[in-house]
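Structural characterization, general
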Amino acid sequence: MSSNSLTPMGDVLSVTLPVFVLIAAGYLAVWRGIFSETHTEGLMTFTQKFAIPCLLFSAIAGLDLKASFDWRLLTSYYTGSIVCFMAGIAGAKIFFGRPTEDAIAIGFAAMFANTVLLGLPIAERAYGIDSLTPNFAIISIHAGFCYLVGLTTMEIVRARHAATRPGAFATARLVARAMFRNALMIGVGLGLAVNLSGLTLPAPVMEAVTLMTSAALPAALFGLGGVMVRYKPEGDGRTILMLISIALILHPAVTLGMGTLLALDTPQLRAAVLTAAMAPGVNSYLFAAVYGRATRVSASGVLLGTAASIVTVSVWILILP
């Protein structure tokens, strides 16, 4: 859809609603027992470990790295991420009296936007597939950056309470292992390797990758809806509201301010702000579950944040140039 047509609210909803309809279809299918949770797990395994890594591999392999990795773009987006991480921790501790480890998990959820499953399809529908180059630049380091910040902070705090404190090397090894076991990071890494080496892969291989990527986002959105059935919005209402507000309002607002200050061009500013406006991703719940901290808040943040973003993302698209 042309960006020039994105002024009336009806046109904006025509961009965002189909994405959320797919999510709702997956939710209803699992909720009504038409599609089992086992099927959903298989679908998400396919998308997150195969199809989406292929999508990222293909995109990163073909990027013009010098043009794409603009420090102003990455600074604008990731300044917002750090601000949200700190705001989530501070808010959870100061206003709600949560233990530090709980607060870190909440801060991680506030920082970890759903850049792929929501960000890519919404940006593509809003501004066209040719507009996604800045999105892929942000996504290429997103998991690595967020896990590096979250895991390092959590391990430092946990080490303070441990009888035997792990050294810096042990903490670094834990962080590296978590990142490089992530299939999305592997897809990005392989794409960078092909890009930097100048290798040309055989045509049948690239055609197979293209076939895989064509299924990635629709299947992932349906599967995301199915996964959300298990996330019950229970208790901690004010903490969840704070988390959602940070993720859906503060993150894009800080990114917009930084992007304007650093004079990003219009496509970069759209990509950075719209990506920042996405709801917390499923990885935020997985992070909380690994440590057994604030899992209910993180899970509810994913579910309710995704629902609320139907409105907030539409508003951000209206605000953007």
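Residues numbered from 1 in each chain as written. Predicted model: local features only at pLDDT ≥ 70, side-chain atom pairs only at ≥ 80, totals over all residues. Heavy atoms only, no water.

1. Looking at the overall build of the protein chain
Within the protein chain one finds 15 helices and zero strands. Within the protein chain, buried positions represent 52% of all 321 residues. Long-range pairs, those at least 24 residues apart, make up 85% of the contacts in the protein chain between residues at least 6 apart in sequence. Total accessible area computed for the protein chain in this model is approximately 14000 Å², and 67% of it derives from carbon and sulfur atoms. (Helix = DSSP H or I, 4+ residues; strand = E, 2+ residues; numbered from the N terminus. Buried < 20%, exposed > 50% of the residue type's maximum accessible area, 1.4 Å probe, protein only. Contact = heavy atoms within 4.5 Å. Areas by Shrake-Rupley, 256 points an atom, 1.4 Å probe, with all protein chains shown as cover.)

2. Observations concerning a nonpolar patch on the surface
On the surface, V311, V315 and I319 cluster together into a nonpolar patch covering about 250 Å² of accessible area. Relative to the helices and strands, V311 resides in helix α15 (residues 295-319). (Patch = residues over 30% accessible without salt bridge, like charges linked within 9 Å, V, L, I, M, F, W, Y side chains within 5 Å. Salt bridge = Lys/Arg side-chain N within 4 Å of Asp/Glu carboxyl O.)

3. Concerning the nonpolar core
Looking at soluble globular proteins, one finds that nonpolar side chains tend to be buried together. One finds L274 and I317 to be the most contacted residues of the largest nonpolar core, which totals 91 residues. Take this core: its biggest share by element is eleven residues, from helix α7 (residues 133-161). (Core = buried A, V, L, I, M, F, W, Y, C linked by side-chain atoms within 4.5 Å.)

4. Description of the side chain of S300
Structurally, S300 is set in helix α15. For S300, a relative accessible area of 0% gives the class buried. Of note is the side chain of S300, whose polar atom sits 3.0 Å from the backbone oxygen of R296. (Polar contact = N/O pair within 3.5 Å; in protein donor to acceptor, adjacent residues only side chain to side chain.)

5. Points about the environment of G150
Along the chain, G150 turns up in helix α7. Residues within four places of G150 in sequence aside, it is in contact with F85, I104, F108, M111 and F287.

6. Examining the confidence of the model for the protein chain
In the predicted model, the protein chain carries a mean pLDDT of 86, and the fraction of residues at 70 or more is 89%. Segment residues 1-7: pLDDT under 50, and 21 contacts once partners within four positions in sequence are set aside and those in other chains are kept. (pLDDT = per-residue confidence, 0-100.)

7. Section: the packing of helix α2 (residues 37-61) against helix α9 (residues 183-197)
One can describe the packing of α2 onto α9 by two numbers: an axis separation of 7 Å at closest approach and a directional angle of 25°. Taken together, the axes of α2 and α9 lie roughly parallel to each other. Crossing angle aside, the handedness with which α2 passes α9 is right-handed. From α2, Q48, K49, I52, P53, L56, F57, I60 and A61 reach across to α9, where they touch A183, L184, G187, V188, L190, G191, L192, V194 and N195. Of the residues that constitute the contact of α2 with α9, the class distribution is twelve nonpolar, four polar and one charged. (Axes fitted to C-alpha atoms, helices over the stretch in contact; angles between N-to-C directions. Parallel < 35°, antiparallel > 145°, perpendicular 65-115°, else oblique. Left-handed = near helix turned anticlockwise from the far one by under 90°. Nonpolar A, V, L, I, M, F, W, Y, C, P; charged D, E, K, R; others polar.)

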